[in-house]
Amino acid sequence: MSSENDQIFDAIGVGIGPFNLSAAALLQPVKEIKSKFYDQAKSFAWHPGLLFPEATIQVSYLKDLVTLADPTSPYSFLSFLFAQQRLYRFINADFSRVTRMEFNQYLQWVCSLLPNLEFNRSVTAISNDNTSLMVHLGDEVVRTRNVILGTGLTNFIPDCARPYVGPKVFHACDYMKHNVTKGQRVAVVGGGQTSAEI
């Protein structure tokens, strides 16, 4: 087994969703802290099965990855708009909410700027040798003082529905991956924001 230059990181993040992406963005400018974040996905996508064209985030865009902790961060939603030359248009449009698709673009933009993220890397185990924590990535071992788990939620499918999961029975998070056409009758089981949007 090999390790990354035998260095010990201050923090290793397992999973790159909004929580760990926020941690990565906030830690990046702090040069005294060495961090690395891993995710098994090939690239970042925020709820890709729920990116309805008209769906909006339910909180203020100021509750982005960094603004409330560091309003001067270069990884804010407003910095994203400025970098995309869309800040003035956004302000003049006076949007009360941001679409999920645009917020996903923002999150992907932050990913593109952070050198401490690695996608397509599966953490297979975490162990401790009484010197440091060891994060196992296949044959590679990376040492760290702290592990930040941000592996996300697991979709819940009731036992009674499991035998029928397929093209016509699926979890809401996969809605956009299925070919539901206009005029079809759809039954939504469950409540909440996602059910209401579907």
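Let me sum up the structure you'll find in this document. Note that this is a predicted model, so its numbers are computed, not measured.

### Remarks on the environment of serine 127
- For serine 127, the position within the fold is in strand S5 (residues 125-128).
- With a relative accessible area of 24%, serine 127 lands in the partly exposed category.
- Sequence separation between serine 127 and glycine 152 is 25 residues, and the spatial gap between their C-alpha atoms is 21 Å.
- Other than its neighbours up to four places away in sequence, serine 127 contacts Ser132, Leu133, Met134 and His136.
- A polar contact of 2.7 Å, which involves the side chain of serine 127, links it to the side chain of histidine 136.

### Some details on helix H1 (residues 18-27)
- Among the ten residues in H1, seven count as buried, and that is most of the element.
- Within the span of H1, buried status applies to Asn20, Leu21, Ser22, Ala23, Ala24, Ala25 and Leu27.
- At its buried positions, H1 is contacted by strand S2 (11-14), strand S3 (35-39), helix H4 (100-113), strand S4 (117-119) and strand S8 (147-149).

### Let's talk about the nonpolar core
- Ranked by internal contacts, the top residues of the largest apolar core, which has 26 residues, are Leu21, Tyr106 and Val110.
- Breaking this core down by element, the ones donating at least two residues are H1, helix H2 (77-83) and H4.
- When sequence neighbours within four positions are dropped, the list of residues in contact with valine 110 reads Leu21, Ala25, Leu65 and Tyr75.
- Core analysis: the second largest hydrophobic core is formed by six residues, Phe9, Ile12, Tyr38 and Val142 among them.

Calculation rules
- Sequence order as written defines the numbering, with residues in each chain counted from 1.
- Residues qualify for local features only when their pLDDT is at least 70, as the model is predicted, and side-chain atom pairs are given and counted only at 80 or more; totals for whole chains, interfaces and linings, by contrast, use all residues.
- Hydrogen atoms and water are omitted, and side-chain values are computed over all heavy atoms in the structure.
- Only DSSP runs of H or I with at least four residues qualify as helices, and only runs of E with at least two residues qualify as strands; both kinds are numbered from the N terminus onward.
- Residue exposure (1.4 Å probe, protein chains only): buried if accessible area is under 20% of the type maximum, exposed if over 50%, otherwise partly exposed.
- Whether two residues are in contact is decided by their heavy atoms: any pair within 4.5 Å suffices.
- In protein, a polar contact requires one atom able to donate a hydrogen and another able to accept it; more generally it is a pair of N or O atoms within 3.5 Å, and residues adjacent in sequence count only if both atoms are side-chain atoms.
- Residues belong to one nonpolar core when they are buried, are Ala, Val, Leu, Ile, Met, Phe, Trp, Tyr or Cys, and are joined through side-chain atoms within 4.5 Å.

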